[in-house]
Amino acid sequence: MGALLAALLGAWTKPTHAAPDTLVFAVDASTHLPWAELQDNELRRGIHRDLGEALSAQLGLQTRFLVLPRKRIAERLEQGQADIACAYLPQWLAGPFDWSEPFLPDTELILSLRSAAMPRQLLDLAGKPIGTVNGFFYPELQKQLGAGFVREDGPTMDANLRKLEAGRMQYAVASQLFVDYQRRSGGLKLDLHPDFKVSQLAMACALSRRSELKLDRLNRAIAEFSASGAWGRLLARYR
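Just so we're clear, the structure is a prediction, and the values are computed from it rather than from any experiment. (Residues numbered from 1 in each chain as written. Predicted model: local features only at pLDDT ≥ 70, side-chain atom pairs only at ≥ 80, totals over all residues. Heavy atoms only, no water.)

Draft legend 1. Local environment of the overall build of the protein chain. Secondary structure assignment for the protein chain yields 8 helices and 11 strands. When the backbone C-alpha atoms are referred to their principal axes, the protein chain occupies close to 70 × 50 × 35 Å. Looking at the protein chain as a whole, 50% of its 239 residues qualify as buried. If the 29 positive side-chain charges of the protein chain are averaged to one point and the 26 negative ones to another, these points end up 2 Å apart. (Helix = DSSP H or I, 4+ residues; strand = E, 2+ residues; numbered from the N terminus. Buried < 20%, exposed > 50% of the residue type's maximum accessible area, 1.4 Å probe, protein only. Lys, Arg positive; Asp, Glu negative; His and termini not counted. Charge placed at Lys NZ, Arg CZ, Asp CG, Glu CD.)

Draft legend 2. Structural context of the state of the cysteines. Under the definition given, this model contains 1 disulfide. One disulfide bridge connects Cys-86 with Cys-205, the sulfur atoms lying 2.1 Å from each other. Between Cys-86 and Cys-205, the S-S dihedral sits near 105°, and the bridge is therefore right-handed. Linking Cys-86 in strand β5 (residues 84-88) with Cys-205 in strand β11 (residues 196-207), this pair joins segments that are 119 residues apart in sequence. There is no split in this pair, since Cys-86 and Cys-205 are both buried. (Disulfide = S-S within 2.5 Å.)

Draft legend 3. Here's a closer look at the pattern of salt bridges. Counted by the stated rule, this structure contains 13 salt bridges. For the salt bridge of Arg-70 with Asp-28, the shortest nitrogen-to-oxygen distance reads 3.0 Å. Taken together, the residues Arg-70 in helix α3 (residues 70-79) and Asp-28 in strand β1 (residues 22-28) connect sequence positions 42 residues apart. A residue is classified by how much of its surface remains accessible, and Arg-70, at 14% relative accessible area, is buried. With a relative accessible area of 1%, Asp-28 lands in the buried category. Taking the shortest distance from any N to any O, the salt bridge between Arg-162 and Asp-158 comes out at 2.8 Å. Pair noted here: Arg-162 and Asp-158 are both in helix α5 (residues 157-165), with a separation of 4 residues, about one helical turn. (Salt bridge = Lys/Arg side-chain N within 4 Å of Asp/Glu carboxyl O.)

Draft legend 4. Molecular detail of helix α6 (residues 176-185). All of the buried residues in α6 are Gln-176, Leu-177, Phe-178, Val-179, Tyr-181 and Gln-182. At the exit of α6 stands Gly-186, carrying a positive phi of roughly 85°.

Draft legend 5. Up close: the packing of aromatic side chains. For the coordinates displayed, the defined rule picks out 6 aromatic pairs. Plain terms: the ring middles of Phe-25 and Phe-65 are 5.8 Å apart, the flat faces sit at 40° to each other, and that makes the pair tilted. In this pair, Phe-25 sits in strand β1 while Phe-65 sits in strand β4 (residues 62-68), placing the two residues 40 residues apart along the sequence. You can call Phe-25 buried: its relative accessible area is 4%. By relative accessible area, which is 18% here, Phe-65 ends up buried. Connected via pairs of aromatic rings, a cluster forms that spans Phe-103, Phe-225 and Trp-231. If you follow Arg-70 out to its NZ or CZ, it ends over the ring of Phe-136, 3.7 Å from the centre. (Phe/Tyr/Trp six-rings, centres within 6.5 Å; stacked < 30°, edge-to-face > 60°. Lys NZ or Arg CZ within 6 Å of the ring centre and 35° of its normal.)

Draft legend 6. Geometry of helix α7 (residues 215-227). Here α7 is 13 residues long and its end C-alpha atoms lie 18 Å apart, about the 18 Å a rise of 1.5 Å per residue gives. All of the buried residues in α7 are Leu-218, Asn-219, Ala-221, Ile-222 and Phe-225. Each buried residue of α7 sits inside an arc of 160° when the element is viewed along its axis, so together they form one side. Close packing links the buried residues of α7 with α2 (47-59), β5, β11 and α8 (230-236). A positive phi of about 85° marks Gly-229, the residue just after α7. (Expected span 1.5 Å × (residues − 1). Arc of directions from axis to C-beta. Contact = heavy atoms within 4.5 Å.)

In structure tokens:
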């Protein structure tokens, strides 16, 4: 009986793996368009969905999206319950993962209200609260400001925009893709100083070492995908 119970418990706790012909993408539950539109914990549309489907098609695989709290993504990749997570830097997602070649460009910005002092260099922001996203890491701000980097965490970038609108903060970090999309869709109507560029990003995909997909095959698919112009056409939908 004891041996049977142990076997049953072992089966119950064993991680669930996707079918060999399915690529499981881990998606951060705190993201917003243009990266993701979520409904009932399902990914409806956005860059993550388009990219996942395009890469899977390039690899001849089916696609499944697993929406997770940001802090659970590394754990699921390590356990093999997800194959891949894209649009990250190694500094943002610690773990024993294999990293693809960088192919996702973006720019980290500081948004500042016109009523606040306009930053002309990062050191102008030392000691001033800056809207950040809970669980996100900002290596360049931390490096340049050190103890003067004062985080004011919110759940999402979109929530931080609402705080700026309400005058509850004067500065916030955001990505260029997010800001461009918000401006295009009418979601950013604030009176702001010109965007202050913090750093240029070249993001990649973290691949689980338990995945049946191997890094060289992923990199070939990414290279073919980028060389065909498909990545540029995909991004153009959200600019």
